[in-house]
Protein chains: 2
Amino acid sequence: MISYAEALDKILSEVRIYPIELVSLNQSLGRVLSADVTADRDYPPFHRSAMDGFAIHSHGYAQNQIYPYHRELPAGMSMDLEPNELAIRIMTGAPVPDGLDVVIKIEDATLSGSNGEKQVSFSLKEVKPWQNIAKQGEDVRKNQLVLPKGIQIGTSEFSLLASLGKDKVPVVKAPEVHIISTGNEVVPIHQSPLTYQIRDSNSYTISSILSKYKIQPESVTHVPDLESELTEQIQKGLDADILILSGGVSMGSMDLVPSILQKLGVELIFHKTAIKPGKPIWFGKRKNTVVFGMPGNPFSVQTCSRIFLEPFLRKSYGQNQLPSYKLPFSSTKQRKGGLTEFFPVRFETTDKTYLSPTAFNGSGDVRAGIFSDGLAVFPSELSQIQPGDMIEFLPW
Amino acid sequence: MISYAEALDKILSEVRIYPIELVSLNQSLGRVLSADVTADRDYPPFHRSAMDGFAIHSHGYAQNQIYPYHRELPAGMSMDLEPNELAIRIMTGAPVPDGLDVVIKIEDATLSGSNGEKQVSFSLKEVKPWQNIAKQGEDVRKNQLVLPKGIQIGTSEFSLLASLGKDKVPVVKAPEVHIISTGNEVVPIHQSPLTYQIRDSNSYTISSILSKYKIQPESVTHVPDLESELTEQIQKGLDADILILSGGVSMGSMDLVPSILQKLGVELIFHKTAIKPGKPIWFGKRKNTVVFGMPGNPFSVQTCSRIFLEPFLRKSYGQNQLPSYKLPFSSTKQRKGGLTEFFPVRFETTDKTYLSPTAFNGSGDVRAGIFSDGLAVFPSELSQIQPGDMIEFLPW
């Protein structure tokens, strides 16, 4: 049985490159940029006053010296200095006129006047050239790379794209995904289950993970464990870029999925990996289609989606992997066996932030994962984690 | 000037209670539950076999003893024992028949047979009652509270709601929000800006934050700094549950927002707070409408949205506040002045996870926030943070 690391490697080796599409900026939140974005002009685009106050020149400045002034420059306007004009009232965001190089904030100014002429003096002992001015291009130069392809568009990136005037944004096109949940015991959620039946939650789990990648599945199907029907639906599902199955990959006589996949020409890449939960996972490919055969327990599906499906999608999107963290554990956890184990934890902050396991009753528990912030990793080579040990954390 | 903590308190004191609505499960991801959810039945709903193998009774078990068997029970079916039937082949997920209390996994079984009769024996020295069986109700009892109101529906909760058959979910209705960005220097993103003009990114920043709370703003308007037009639009905006303005709240002569709000009968709750960025923020209310007057710099808007608007929304939704973390800082940061400062950081994991500041050029920099995972808090009473110091972190 291959290790978690080997399984992940094999999955990431099957990465696919998806085409790109242009979407409107309003539709781009959460999508992944498919091309580098450069600045359309300098930022700031002009010498921008960073304060409300007065613009003057640093040369010849003296404390309490009287400056006559008669004009005011709000943001959104520009102004050329008149001959002998030494000071103007200026607002935050306005362009400092050529010939001036200092802004003094209004709180440091003393206004006066005589004979209808307005005057100002300043309490500062000295001034420095360009104080309180954001110089043109000091943040970003025209044509400079500001957003690399592969970045996911969050609030900061969305705001930056708006500043740059990108009303159309090139993003990675979402792949076509089919979801098939299997199992004779499983009924759709609208149906009242018999005592020994359960409702289909796995397609919801998988859809929820896909929605993080702005993927709306093309089809979501439930199929009982009947060879003919399963074969027909899997055959249809193999049209997609990604086919995700849940259930039917374990050791039981009703676990028909592996044999049907192989009959349909899907090449097995691995079956089973040394993890808990999720050990029976099946992974393979046929031409451009990759197939994830996930086990049937809800928490196994959630774990396999997080540790295998998401990394596959991120790499296919040209994205960095989700960061992995090392945070101190809050308590003691022991176990037997040499599997890499994933268990739900939540943050607990006292003097620092710890990872604290959330209560649940094994991977069949419908509540597994509730109230958790992500998965902690119990490495295969350890049999105990102690309070304060740094452990790997994978956020949801 | 009031402190950050006082400002946040005043905002949270103005929390509003929004009505509830029923949405289909498919539409509920990311929404906030508005009623407690209880279990419709026991979970597991029956004594569920956790393995593929054989079901027997623990009484009288002996290693290598021969059990005849002739029936197989897949998941999704049930079975009553026949007289003198001592063992059945059973699959994961199937209900263990009354009269049996042990499941032995197939790997521990030896199959044999004679005269067309199937037989099995087991290599285990002993068995324990209920081994490899998830007992009915051991995870959750019927009518037990499983999801409290106020929880946001993520993958685990979505999956659980599906398991419980909740095809309609009661959630908090999103409030009506109007966004007004102000400033003569600001043009819509589709328009080509003149040298001394900039594009409106603030309404995108605010919309992006609102989308985390599944709020689609009712209107997004840009208004120049003209008293009549601003008055008219703000008057309209006061119909909403929440009016969010950006720009026009500082010290300049064009900063008309505070005086217009007060003329329109909006009660000032505070103006300015000792934070950086975002110091000039204005907050007030008129009847059921609350008004956030945010400063005009993009990063100020993003910060004020994260530290003030989001906590307000979460409390109004009956949600817990976003967790705050304490994580070690990667480097040294010094500053003057006694403001509570917020600056963008990203995770950096070596031996443990550190917070590392991201490069940017002040709150006017269009790139502020890019590549960051959240905000770090520089407390007002400190003038230096050193490597390894535990600092507060607010994730985006």
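Quick caveat, the model's predicted, so the values are computed rather than measured.

Asker: Please explain the overall build of chain A as it appears in this structure.
Answerer: Helices and strands together make up the secondary structure of chain A, namely six helices and 29 strands. The principal-axis extents of the C-alpha atoms in chain A amount to approximately 100 × 45 × 40 Å. Burial status across chain A gives 55% buried among its 396 residues. Taken together, the 39 basic and 43 acidic charged side chains of chain A have centroids lying 4 Å from each other.

Asker: Help me out: how do you make sense of the UniProt feature "domain: MoaB/Mog" (unreviewed entry) in chain A in this one?
Answerer: In the numbering used here, UniProt assigns the "domain: MoaB/Mog" (unreviewed entry) feature to residues 178–315 of chain A. As annotated, residues 178–315 of chain A has a helix share of 34% and a strand share of 27%, and its two end C-alpha atoms lie 19 Å apart.

Asker: So what exactly am I meant to see when it comes to the side chain of His178(A) here?
Answerer: Along the chain, the position of His178(A) falls in strand S14 (residues 177–182). With near-sequence residues (within four places) excluded, His178(A) lies in contact with Glu218(A), Ser219(A), Lys236(A), Gly237(A), Ala240(A), Ile242(A), Leu243(A) and Ile244(A).

Asker: Before we go on, may I ask you to explain the environment of Arg286(A) in this structure?
Answerer: Residues and elements named next belong to chain A. Its location among the elements puts Arg286 in strand S21 (residues 282–286). In this structure the C-alpha to C-alpha distance between Arg286 and Gln262, which are 24 residues apart in sequence, comes to 9.7 Å. For Arg286, the contacting residues outside a window of four places in its chain are Gln235, Leu238, Leu264, Gly265 and Val266.

Asker: Any chance you could explain the relation of the copies chain A and chain B here in plain terms?
Answerer: In this arrangement, two copies of a chain are superimposed by a rotation about an axis accompanied by a shift along the axis. For the pair chain A and chain B, the superposition axis carries a translation of 0.0 Å, the fit reaches an RMSD of 0.0 Å, and the rotation angle comes to 180°. This pairing of chains is accounted for by a two-fold axis. The C-alpha atom lying nearest the rotation axis in chain A is that of Leu327(A); the distance is 4.4 Å. In this assembly, 100% of the residues forming the interface of chain A have copies in chain B that are likewise at the interface, indicating an isologous arrangement.

Asker: It is not clear to me how the domain arrangement of chain A should be interpreted in this structure. Could you clarify?
Answerer: Per the domain assignment, the segments making up chain A are domain 1 (4–18 + 174–316), domain 2 (20–43 + 140–172), domain 3 (48–134) and domain 4 (325–395). Centre-to-centre separation of domain 2 of chain A and domain 3 of chain A, based on C-alpha positions: 36 Å.

Asker: Hey, could you run me through the interface of chain A and chain B in this one?
Answerer: Tallying the contact residues gives 88 residues for chain A and 88 residues for chain B. Across the interface of chain A and chain B, roughly 7,000 Å² is buried in total on both sides, 58% from carbon and sulfur atoms. Looking at the side of chain A facing chain B, the largest losses of area belong to Tyr196(A), Arg199(A) and Val366(A), adding up to 9% of the total buried there. Residues Asp40(B) and Arg199(A) are paired through a salt bridge, measuring 2.8 Å at the closest nitrogen-oxygen approach. Taken together, the connections running from chain A to chain B amount to 36 residue pairs in polar contact (both at pLDDT 80 or more). Contributing elements (two or more residues each) for the side of chain A that touches chain B: strand S12 (145–147), helix H2 (155–163), strand S16 (198–199), helix H3 (202–212), helix H6 (298–316), strand S23 (325–328) and strand S25 (340–349) of chain A. Sort the elements by how many residues they give to the side of chain A that touches chain B and H2(A) lands first, with eight residues.

Asker: When you look at helix H4 (residues 227–237) of chain B in this model, what are you seeing that I'm missing?
Answerer: In an α-helix, one turn spans 3.6 residues, which is why side chains three or four residues apart end up on the same side. Residues and elements named next belong to chain B. Where H4 is concerned, the buried positions are Leu230, Gln233, Ile234 and Gly237. One face of H4 carries all of its buried residues, which in axial projection span an arc of 100°. Tucked inside the fold, the buried residues of H4 contact strand S14 (177–182), strand S17 (219–223), strand S18 (242–246) and helix H5 (257–263).

Asker: Please clarify how the packing of aromatic side chains should be interpreted in this entry.
Answerer: In this description, a pair of aromatic rings is defined by centroid distance and the angle of the planes. According to the stated counting rule, one finds 38 aromatic pairs over all chains in the structure shown. Between Tyr4(A) and Phe308(A), the aromatic rings sit 6.0 Å apart at their centres with planes inclined by 55°, giving tilted as the arrangement. Pair noted here: Tyr4(A) is in helix H1 (residues 4–13) and Phe308(A) is in helix H6, with a separation of 304 residues, a long-range link. Classification of Phe308(A) by relative accessible area gives buried; the value is 0%. Within the aromatic cluster, the residues linked to one another by ring pairs are Tyr4(A), Phe270(A), Phe283(A), Phe292(A), Phe308(A), Phe312(A) and Phe342(A). The side chain of Arg89(B) reaches across the aromatic face of Phe54(B), ending 5.7 Å from its centre. Sitting over the face of the ring of Trp130(B), Lys135(B) holds its NZ or CZ atom 4.5 Å from the ring centroid.

Asker: Quick question: what am I supposed to make of unusual backbone geometry here?
Answerer: Glycine aside, a negative phi is what most residues show, and trans is what most peptide bonds show. Of note, the amide linkage connecting Lys276(A) to Pro277(A) takes the cis form, showing an omega dihedral of -5°. Assignment of secondary structure puts Pro277(A) in the loop between strand S20 (275–276) and S21. For Asn132(A), which is not glycine, the phi dihedral falls at a positive 60°. With respect to the secondary-structure elements, Asn132(A) resides in the loop between strand S10 (117–122) and strand S11 (133–134). Its relative accessible area of 27% is what places Asn132(A) among the partly exposed residues. A positive phi angle, close to 65°, is found at Asn84(B), a residue other than glycine.

Asker: Is there a simple way to think about the pairing of S14(B) in this case?
Answerer: Regular strands place side chains that alternate from one sheet face to the opposite one. Residues and elements named next belong to chain B. Burial analysis of S14 places six of its six residues in the buried class, which makes it a mostly covered element. Of the two faces of S14, the one carrying Val177, Ile179 and Ser181 and the one carrying His178, Ile180 and Thr182 are both buried. Sheet topology note: the S14/S18 ladder contains five bridges and is parallel. Looking at the pairing, Val177 lines up with Ile242 of S18. In terms of strand pairing, S14 meets S17 through five bridges, oriented parallel. Residue Ser181 lies in a different strand from S17, and its bridge partner there is His222.

Asker: Before we go on, may I ask you to explain the environment of Gly116(A) in this structure?
Answerer: All names here are of chain A. Checked against the element boundaries, Gly116 lands in the loop between strand S9 (109–114) and S10. Overall, the relative accessible area of 84% leaves Gly116 in the exposed class. Considered as a pair, Gly116 and Arg335 are 219 residues apart in the sequence and their alpha carbons are 87 Å apart.

Asker: Explanation requested: the packing of helix H3 (residues 202–212) of chain B against helix H6 (residues 298–316) of chain B in the structure shown.
Answerer: Two quantities define a packed helix pair, namely the angle between the axes and the distance from one axis to the other. Residues and elements named next belong to chain B. Contact pair H3 / H6: the axes reach a minimum separation of 10 Å and the direction vectors enclose 25°. Classed by the angle they form, the pair H3 and H6 counts as roughly parallel. In the crossing of H3 with H6, the sense of the turn from one axis to the other is right-handed. Across the interface between the two elements, Asn202, Thr205, Ile206, Ile209, Leu210 and Lys212 of H3 pack against Pro298, Val301, Gln302, Ser305, Leu309, Glu310 and Leu313 of H6. Of the residues belonging to the contact of H3 with H6, the class tally is seven nonpolar, four polar and two charged.

Asker: Looking at this structure, how should I read the sheet that holds strand S9 (residues 109–114) of chain B?
Answerer: Remark on secondary structure: sheet strands pair via backbone hydrogen bonds, oriented parallel or antiparallel. All names here are of chain B. Pairing is antiparallel in the open sheet, where three strands are placed in the order S5-S10-S9. Either end of the sheet is taken by a strand with one partner, and the two such strands are strand S5 (67–69) and S9. Strand-to-strand twist in this sheet, taken as the mean axis angle between neighbours without regard to direction, amounts to 35°. Of the strand pairs in this sheet, S9 and strand S10 (residues 117–122) are connected by six bridges, and their pairing is antiparallel. If you follow Ser112 over to S10, its bridge partner there is Gln119.

Asker: Is there a simple way to think about the sheet that holds S18(B) in this case?
Answerer: Residue and element names in this part refer to chain B. Reading across the sheet, the six strands line up as S17-S14-S18-S22-S21-S19 and stay open at both edges, with mixed pairing between neighbours. Looking at the sheet topology across the chains shown, the edges are occupied by S17 and strand S19 (267–271). Taken pair by pair, the neighbouring strands of this sheet meet at an average axis angle of 15°, ignoring direction. Against the sheet, helix H1 (residues 4–13) makes contact with S19, strand S21 (282–286) and strand S22 (289–294), and its axis sits at roughly 155° relative to S19, the strand it touches most. The strands touched by H3 within the sheet are S14, S17 and S18, with S14 carrying the most contacts at an inclination of about 155°.

What counts and how
Residues numbered from 1 in each chain as written. Chains lettered and ligands numbered in written order. Predicted model: local features only at pLDDT ≥ 70, side-chain atom pairs only at ≥ 80, totals over all residues. Heavy atoms only, no water. Helix = DSSP H or I, 4+ residues; strand = E, 2+ residues; numbered from the N terminus. Buried < 20%, exposed > 50% of the residue type's maximum accessible area, 1.4 Å probe, protein only. Lys, Arg positive; Asp, Glu negative; His and termini not counted. Charge placed at Lys NZ, Arg CZ, Asp CG, Glu CD. UniProt positions renumbered as here; feature names shortened; annotations may be inferred. Contact = heavy atoms within 4.5 Å. Least-squares fit on C-alpha atoms with pLDDT ≥ 70 in both. Domains from an automatic or database assignment. Buried area = accessible area lost by both parts, 1.4 Å probe. Salt bridge = Lys/Arg side-chain N within 4 Å of Asp/Glu carboxyl O. Polar contact = N/O pair within 3.5 Å; in protein donor to acceptor, adjacent residues only side chain to side chain. Arc of directions from axis to C-beta. Phe/Tyr/Trp six-rings, centres within 6.5 Å; stacked < 30°, edge-to-face > 60°. Lys NZ or Arg CZ within 6 Å of the ring centre and 35° of its normal. Pairing = 2+ DSSP bridges. Axes fitted to C-alpha atoms, helices over the stretch in contact; angles between N-to-C directions. Parallel < 35°, antiparallel > 145°, perpendicular 65-115°, else oblique. Left-handed = near helix turned anticlockwise from the far one by under 90°. Nonpolar A, V, L, I, M, F, W, Y, C, P; charged D, E, K, R; others polar.

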